[in-house]
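# Structural overview for review
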Amino acid sequence: MGKITTDIMIINRLDQGMAERGVLTADEIRSVSLKNVLVDTGATTLCLPANAIAKLGLKLLKIVPITTATGYGEARIFEDAKISVMGREGTFECIEVPEDADPLLGVVPLEMLGIELDLKNHRLILLPLEPRASYLRV
């Protein structure tokens, strides 16, 4: 089947808000740029290595039970990770993975951003976001 990867930019949304209010400068907004992030339909949300979360300075939201390929465990969930993928942006929670693990882009951000997998051609497709043809439904 092959795999699909994409580049993503992640910023600390709280930093961005403080910059909008003049508390921080634009240069003080913490961010990371990640190349070739695996798009994983088996992952629920964004999964980031601990060192990326530390660099972003994201706030711990909660600790939750999880199921992984190797069994059951607990994971820390952080909030206010604003991601940019293929020109679309959204703010999401992220699950911390070990520093040596690869980041993963899961299904929730993909669906919310209107990004679909083209498994045949190993690429991502932007769904329409136009007045008469939008992937968003109410």
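Everything quoted here is computed from the prediction, not taken from an experiment.

### Describing the overall build of the protein
The helix and strand inventory of the protein stands at 3 helices and 11 strands. Written out in order from the N terminus, the α and β elements of the protein read β-α-β-β-α-β-β-β-β-α-β-β-β-β. Judged by the C-alpha coordinates and their principal axes, the protein covers about 45 × 45 × 30 Å. Among the 138 residues that make up the protein, the fraction classed as buried is 39%. For the protein, contacts bridging at least 24 residues in sequence account for 59% of all contacts bridging at least 6. Accessible surface, the protein as shown: approximately 8600 Å² in total, 52% of it carbon and sulfur. The positive charge centre, built from 15 side chains, and the negative charge centre, built from 19, are 5 Å apart in the protein.

### With respect to helix 1 (residues 13–20)
Of the residues making up helix 1, those classed as buried are D15, Q16 and G17. On the buried face of helix 1, the contacting elements are strand 1 (5–12), helix 2 (50–56) and strand 5 (71–85).

### Some words on the environment of C47
Inspection of the secondary structure assignment puts C47 in strand 3 (residues 46–49). A relative accessible area of 8% means that C47 is categorised as buried. Separated by 55 residues in the primary sequence, C47 and D102 have C-alpha atoms spaced 8.3 Å apart. Residues contacting C47, with those up to four places away along its chain left out, are I95, V97, P103 and L104.

### Topic: the side chain of N12
Mapped onto the secondary structure, N12 falls in strand 1. Classification of N12 by relative accessible area gives buried; the value is 3%. Here the side chain of N12 touches G57 through a polar contact of 3.2 Å, landing on its backbone oxygen. With residues near it in sequence (within four places) discarded, N12 still touches I29, R30, L56, G57, L58 and D80.

### What about the nonpolar core?
Counting residues in hydrophobic clusters, the biggest one holds 23 residues, and the most contacted among them are I8, I10, L46, L48, I83, C94 and L105. Among the elements of the structure, strand 1, strand 2 (31–39), strand 3, helix 2, strand 5, strand 6 (88–97) and helix 3 (107–113) are those that each provide at least two residues to this core. Leaving out residues up to four positions away in the same chain, I10 has contacts with R30, S31, V32, L34, L46, L48, L56, A81, K82 and I83. Grouped together as the second largest cluster of nonpolar side chains are 8 residues, C47, A75, I77 and I95 included.

What counts and what doesn't
- Residues numbered from 1 in each chain as written.
- Predicted model: local features only at pLDDT ≥ 70, side-chain atom pairs only at ≥ 80, totals over all residues.
- Heavy atoms only, no water.
- Helix = DSSP H or I, 4+ residues; strand = E, 2+ residues; numbered from the N terminus.
- Buried < 20%, exposed > 50% of the residue type's maximum accessible area, 1.4 Å probe, protein only.
- Contact = heavy atoms within 4.5 Å.
- Areas by Shrake-Rupley, 256 points an atom, 1.4 Å probe, with all protein chains shown as cover.
- Lys, Arg positive; Asp, Glu negative; His and termini not counted.
- Charge placed at Lys NZ, Arg CZ, Asp CG, Glu CD.
- Polar contact = N/O pair within 3.5 Å; in protein donor to acceptor, adjacent residues only side chain to side chain.
- Core = buried A, V, L, I, M, F, W, Y, C linked by side-chain atoms within 4.5 Å.

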